[in-house]
Amino acid sequence: GEQPVGSVTLKSGDPYGAVLWPASAAVADYLLGGDASGTFEGKTLLEVGAGNGLLSMAAAIAGYTRVVATDFESIPLEFLSFAAN
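This text gives an overview of the structure that appears in the document. The structure presented is a predicted model; accordingly, all values stated were derived computationally and were not measured.

1. Topic: the overall build of the chain
The number of helices and strands found in the chain is 3 helices and 4 strands. The secondary structure elements of the chain, listed N-terminal to C-terminal, are β-β-α-β-α-β-α. When burial is assessed residue by residue, the chain has 27% of its 85 residues classed as buried. Sequence separation of at least 24 residues holds for 43% of the intrachain contacts in the chain that already meet a minimum separation of 6.

2. A short note on the environment of Asn-52
If you trace the backbone, Asn-52 turns up in the loop between β3 (44-48) and α2 (54-62). For Asn-52 and Asp-71, which are 19 residues apart along the polypeptide, the C-alpha to C-alpha distance reads 9.5 Å. If sequence neighbours within four positions are ignored, Asn-52 has contacts with Gly-17, Val-19, Leu-20 and Leu-80. A polar contact is formed between the side chain of Asn-52 and the backbone nitrogen of Leu-54, at a distance of 3.0 Å.

3. Let's talk about the pairing of β3
Side chains of β3 alternate between two faces, with Leu-45 and Glu-47 buried and Thr-44, Leu-46 and Val-48 left unburied. Both β3 and strand β4 (residues 66-70) contribute to a ladder of 5 bridges, which runs parallel. Each bridged residue has a counterpart across the sheet, and for Val-48 the counterpart in β4 is Thr-70. What joins β3 to β4 is α2, and the crossover it makes is right-handed.

Criteria and cut-off values
Residues numbered from 1 in each chain as written. Predicted model: local features only at pLDDT ≥ 70, side-chain atom pairs only at ≥ 80, totals over all residues. Heavy atoms only, no water. Helix = DSSP H or I, 4+ residues; strand = E, 2+ residues; numbered from the N terminus. Buried < 20%, exposed > 50% of the residue type's maximum accessible area, 1.4 Å probe, protein only. Contact = heavy atoms within 4.5 Å. Polar contact = N/O pair within 3.5 Å; in protein donor to acceptor, adjacent residues only side chain to side chain. Pairing = 2+ DSSP bridges. Right-handed = clockwise from strand over helix to strand, strands pointing away.

Structure below.
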């Protein structure tokens, strides 16, 4: 349902990307693991429904040349942008 937060109304049950999905943790672990190291240079990652942005941050650390995060809500993307900078 909708949840008023100050002047913002969230329309999801996952405010601010507060849920860490198990698949996100598993893929982030793979991206940052030794077996995948160095294989992402020159590649772009598109994260659809980024939420807390774990995959996007992990991809940037793992060496992806370009990372694009999208989400239905703008607030998680603002937090992700802040964390990335």
